[in-house]
Amino acid sequence: MANLELDDRGLVVSCASCGQKNLLAYGRLGDEVRCGRCRQPLKAPGEPIELHSTADFDRLVAQASVPVVVDYWAPWCGPCRMVAPEIAKVAARKAGQALVVKVNTDELVDLGQRYNVRSIPMLAVFAGGREVARTVGARPAEQIEAFIGQSIAVPHS
Ligand SMILES: [Zn+2]
């Protein structure tokens, strides 16, 4: 998405009111953050964020104050294209409660290997810096949301 970038500490988002770029720290993703210039509340990211480096992935997952939903996909994967609009719906509805990111396993091969991603589309939920659940296969947004809810409702110690 054009108005969102990643840096070492968080997401750089443009204010919808004044256009000012603001840093939304990974550790404050669930908080109400206001624009540094005009003080309007910044909208939580409501679209899947495409990741392009393993370092970005690691920082985000380690620091995020909300669960991170990872959509593992690849350009050649037909079911991945089918599930993409469902993932986008989930990202919009879960804005501020969860962050949805996309990992192209052809591009970030090391992540696919590290997490043993053998079949895509695969969705994984990370909370507290580690994976708490995963599921393989395309499904509608409602089922994806139910899966996320179940993943984070179970206490993990
Ligand atoms: Zn502003």
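The structure reproduced in this document is the subject of the present report. It should be emphasised that the depicted structure is a prediction, and the values quoted were computed from it without experimental measurement.

About the thresholds
- Residues numbered from 1 in each chain as written.
- Predicted model: local features only at pLDDT ≥ 70, side-chain atom pairs only at ≥ 80, totals over all residues.
- Heavy atoms only, no water.
- Donors = N, O, S within 2.8 Å, 3.2 Å for Na, K, Ca; no water.
- Tetrahedral: all angles 85-135°; square planar, octahedral: opposite > 155°, others 65-115°.
- Buried < 20%, exposed > 50% of the residue type's maximum accessible area, 1.4 Å probe, protein only.
- Pairing = 2+ DSSP bridges.
- Helix = DSSP H or I, 4+ residues; strand = E, 2+ residues; numbered from the N terminus.
- Axes fitted to C-alpha atoms, helices over the stretch in contact; angles between N-to-C directions.
- Salt bridge = Lys/Arg side-chain N within 4 Å of Asp/Glu carboxyl O.
- Expected span 1.5 Å × (residues − 1).
- Arc of directions from axis to C-beta.
- Contact = heavy atoms within 4.5 Å.

Below, the discussion takes up the coordination of the zinc ion. With distances of 2.3 Å, the protein atoms coordinating the zinc ion are Cys 15 (SG), Cys 18 (SG), Cys 35 (SG) and Cys 38 (SG). Here the zinc ion binds four donor atoms, and the angle range of 105 to 116° at the metal identifies the geometry as tetrahedral. The sequence pattern describing where the donors of the zinc ion fall on their chain is C-x2-C-x16-C-x2-C. Classification of Cys 38 as partly exposed rests on a relative accessible area of 26%.

Strand order across the open sheet formed by three strands is β1-β2-β3, with antiparallel pairing between neighbours. Lying at the two open borders of the sheet, with one neighbouring strand each, are β1 (4–6) and β3 (21–25). In this sheet, neighbouring strand axes are inclined to one another by 25° on average, regardless of whether the strands run parallel or antiparallel. In this structure, strand β2 (residues 10–14) lies alongside β3, joined through five bridges in antiparallel fashion.

Another point: the pattern of salt bridges. For the structure shown, the criterion picks out twelve salt bridges. Here Arg 9 ties to Asp 7 by a salt bridge, and the two come within 2.9 Å at their closest N and O atoms. Between Arg 59 and Asp 8 there is a salt bridge whose closest N-O contact spans 3.5 Å. Placement of Arg 59 in helix α1 (residues 54–63) and of Asp 8 in the loop between β1 and β2 is noted, with a sequence separation of 51 residues between them. With relative accessibility at 25%, the residue Arg 59 sits in the partly exposed group. Shared partners join several salt bridges into a network, and the residues in it are Asp 8, Asp 56 and Arg 59.

Below, the discussion takes up the sheet that holds strand β6 (residues 99–104). Across the sheet, five strands lie side by side as β4-β6-β5-β7-β8; this open sheet has mixed pairing. In the strand order of this sheet, the two ends are held by β4 (49–51) and β8 (130–136), each with one partner. With direction set aside, neighbouring strand axes in the sheet form an average angle of 25°. Two strands pair when backbone bridges link them, and β4 and β6 are joined in this way by three bridges, in the parallel orientation. The partner of Ile 49 across the bridge, within β6, is Val 101.

Between the first and last C-alpha of helix α4 (residues 141–153) there are 18 Å, a value that for 13 residues agrees with the 18 Å anticipated at 1.5 Å per step. Of all the residues in α4, the buried ones are Ala 141, Ile 144, Glu 145, Phe 147, Ile 148 and Ser 151. For α4, the buried positions fall inside an angular range of 155° around the axis, keeping them on one side. Exposed residues on α4 whose side chains face more than 90 degrees from its buried face are Gln 150 and Ala 153. At its buried positions, α4 is contacted by β5 (68–73), α2 (78–93), β7 (122–127) and β8.

Turning our attention to unusual backbone geometry. With an omega of 0°, the peptide bond between Ile 120 and Pro 121 qualifies as cis. Of note, Pro 121 is situated in the loop between α3 (109–114) and β7. Unusually for a residue other than glycine, Arg 39 sits at a positive phi of about 70°. Here Arg 39 shows up in the loop between β3 and β4. At Asn 116, a position not held by glycine, the phi torsion is positive, near 55°. Within the secondary structure layout, Asn 116 lies in the loop between α3 and β7.

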